[in-house]
Amino acid sequence: MSASIVKPGVRPIQFWEERTINEGADGEYVKLEISYNDFLLFLQANGFGLLVTGDEQNVAEVVRVVKNIVSRTVEHKSTNITVKHFVLDYLTEIDRLDVREIILRRQSTFFTMNFLTALRPVRVHFAKDTRTRSRFFFANGAVEVRFSDDGITTTFQSYDDLGVSLWDTQIAPHEYAGNYHPEFVGPADRRPCEFHRFLEFVSQETVGEGDSFEILRKNLPAFRYGLAYLLHSYKDVARAFAVLCVDADGSTEASNGRRGKSLLTKAIEQVRRVAYEDGKTMKTDSQFLFQNLDTDSQVALFDDVRKNFDFEQFYPTITGHCMTERKGRSRVKLDFSDAPKFVFTSNKPVLGEGDSDQARWLILPFTGYFNKHYTPFDEFGHRLLEDWDHAEWTRFFDYLIDLMREYLAFINCPLFARPEPDLTTYNEEKLKWAVASELVDYFDAYLSNLPYDVSKKLFFDDFKGLYPLYNTRTQHWFTCRLHLYCKMRGILINAGMPDGRAFKVYETTGIREEWLYFTKGGDAE
C-alpha cells in the first residue's frame, strides 16, 4: 500500500489478512479475514482509547488523543459514529472497498461499545490552571500567563511542547497572532478594544451630558474582576463564589433584558467551555439538574433565572463537588477542583433567603445604556463577537490575556480584597420589586428619621387612606412587607422586646394596642 494516499494523521496498520484458499479442481480464491486484535491496535495507534471517569470509576467513553488534544467520539443507538466513519473513510482512501464491505457487514460488532471497551485505557494529565498560572488555548497554540516573585510572564507554546493534555472543546476556534506571539505584527491602528468599551457602557451609571456629564457608579473594576475570575479555571475553596449578572433597574416595567449580559457570557465562550442551562425551565430539584455539565466544562451558565430563584441550594455545589447525571447514564462526580465555576443571569432582582450571604456571589449590575431601543449594534455599527475582522479579534484576545495578567498579580497579593460593585441602584430596585414601590415611598417618608414609633393598625390604615388601590390588602400582607423593608434598609423593629412585640395602653380608654418602635440597626443585607 502506498503511504502517499493515506490521510494525514492516520497510521496505516493493516488489520485484515488475505488468505488463498485452494479448492482443488475448482481452483483457488482469496479470502479476507479481519483480525479483531489488529483492528483494536489500528484504532489505538490512531489515538483511540477508553477514558474512565465517575465517582466509582464506572463511566467509560471512547475518546481520541492526537498530539495531547483529547476529542470525544459520538455515539448513536449503541454505535460509535466517530470510529465507524474514521475506519470507513480510511478504507475508502486506500481503495480497499473489499475490506470496507466486510466491515459494513459486521458493523454491529466492530463499532459497538461492547466491543470498543476492549480498547486500552488512555492515561491523560489534563491541563489545569493554578493560583499562579492560567492558559488560553487557540487553534495554533497556547498562551500561558504565569505569576512569580519576579513578576508576570506571558509565553506562547505549541501543543507539542505543552506537556499536558486538553479537551478539543476548550480550544478557541481562532488562531492567535497578538502581542505575545513570537511573530507578532501589530494591527495598523491602535484603537481600544471594542469589548472594553462595551464593558464601560454596561458597568458605569451616568447622568447628564456635555459639561454636566457625571459618572455615578464606577463598577468597571468589579466587572473586569468578575470576568477574569470566570476565565481563571483555578478554584480556591476559601474564595469560591458565583457571578450574578443582573439588570441594575430590574424592577421597572422597562426592564426586559437586552442590557448586554449575553454578550459577556458569549465573550467567555470564545476561550472557555461553557455549559448552558435555561434558567426559566430548569427544575432545581431534579437529579438531572447538572446533566449538561461534563468533565470538559469550565463555566456553568444558568441563563435568565426566575426572580424567586433559590440560590442557597447551590451553595454546597459552588464550594464543593458537583454531581452530574444524564438520563440512562451513570452519575459522574466532579471534584471541587474539576467542577466549573458558576454564572447566573437575570432580568429581575433575585430574591430569596440566600441573599444574606453576600460572600457567596459577585453581583454585576448592568446599566440601561443598552436596551431594546439602543443596542450594541447601534453603538458599534456591527455585531460584537461576530462581525469582527482579524485585527479586532486580536485586540480582544490580547485584552483577555492582559486582564488575566492583571488578575493573577492581584489575587497573589497577600492583602488583596475583591473589588465590590456599587449596588445602590440595584438594591433600591430590588427593594421596590420585593415590597412594592408605593410601600417603599410610604415607609421612606415615615422612617427617614429614627427613632420612630406608631400604632401598627393606624400605620396600615393611614397607608390605605393614601393608596386606595390597596384597600383589599390585609394587615398581615402589610406587616410582612414592612418587616422585609426594614430588613433590607437595616432598620430594627421592637428591638430587645419580648417576642419582638410591643403594646401600649391608652390611659383614657384603657385600650391595649400593638405598637411599633423603629430604631437604627446595622447594615442592610
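Residues numbered from 1 in each chain as written. Predicted model: local features only at pLDDT ≥ 70, side-chain atom pairs only at ≥ 80, totals over all residues. Heavy atoms only, no water.

1. Here's the deal with the overall build of the chain
Test applied: Labels follow the DSSP assignment, with helices taken as runs of H or I lasting at least four residues and strands as runs of E lasting at least two, numbered in each case from the N terminus. Here, two residues are considered to be in contact whenever any of their heavy atoms come within 4.5 Å of each other. With residues, only the protein chains shown are counted as cover, and all accessible areas are computed by Shrake-Rupley using a 1.4 Å probe.
Of the regular secondary structure elements, the chain holds 15 helices and 24 strands. Counting only contacts in the chain whose residues sit at least 6 apart along the sequence, the fraction spanning at least 24 positions is 71%. Of the roughly 26800 Å² that the chain leaves accessible, carbon and sulfur atoms contribute 48%.

2. A word on the packing of aromatic side chains
What counts, and what does not: Ring geometry is summarised as follows: Phe, Tyr and Trp rings, the Trp one being its six-membered ring, pair when their centres sit within 6.5 Å, and such pairs are stacked at plane angles under 30 degrees, edge-to-face over 60 and tilted between the two. Exposure is judged per residue with a 1.4 Å probe applied to protein chains only, and the accessible area is read against the type maximum: over 50% gives exposed, under 20% gives buried, and values in between give partly exposed.
This structure, assessed with the given rule, holds 61 aromatic pairs. Aromatic side chains tyrosine 225 and phenylalanine 410 sit 6.0 Å apart centroid to centroid with 80° between the ring planes, which places their arrangement in the edge-to-face category. Of the two residues, tyrosine 225 is situated in helix α7 (residues 220-231) and phenylalanine 410 in helix α11 (residues 390-411); the sequence distance between them amounts to 185 residues. Given a relative accessible area of 6%, tyrosine 225 falls into the buried group. The class of phenylalanine 410 is partly exposed, set by a relative accessible area of 30%. Ring geometry for tyrosine 446 against tyrosine 452: centres 6.1 Å apart, planes inclined by 55°, an arrangement best described as tilted.

3. Focus on the sheet that holds strand β10 (residues 151-157)
Selection criterion: Following DSSP output, two strands are said to pair if at least two bridges run between them. Axis lines are fitted to C-alpha atoms, over the contacting stretch for helices. Their N-to-C directions set the angle, which ranges from 0 to 180 degrees.
Strand order in the open sheet made by the three strands is β8-β9-β10, with antiparallel pairing throughout. Of all the strands in the sheet, just β8 (133-138) and β10 have a single pairing partner and so form its edges. Strand-to-strand twist in this sheet, taken as the mean axis angle between neighbours without regard to direction, amounts to 15°.

4. With respect to the pattern of salt bridges
Basically, it comes down to this: Within this document, salt bridges are pairs made up of a side-chain nitrogen of Lys or Arg and a carboxyl oxygen of Asp or Glu, the two lying within 4 Å of each other.
This structure, assessed with the given rule, holds 28 salt bridges. Of the charged contacts, one joins arginine 19 and glutamate 33 as a salt bridge, the two residues approaching to 2.8 Å between their closest N and O atoms. Taken together, the residues span a long stretch of sequence, with arginine 19 in strand β1 (residues 16-22) and glutamate 33 in strand β2 (residues 28-34) at a distance of 14 residues. For arginine 19, a relative accessible area of 36% gives the class partly exposed. Accessibility expressed as a relative area gives 25% for glutamate 33, which makes it partly exposed. In this structure, arginine 135 engages glutamate 144 in a salt bridge whose closest nitrogen and oxygen atoms are separated by 3.3 Å. Classification of arginine 135 by relative accessible area gives buried; the value is 6%. Ionic contacts of the salt-bridge type, sharing partners, join the residues Glu61, Arg72, Arg273, Asp294 and Asp296 into one network.

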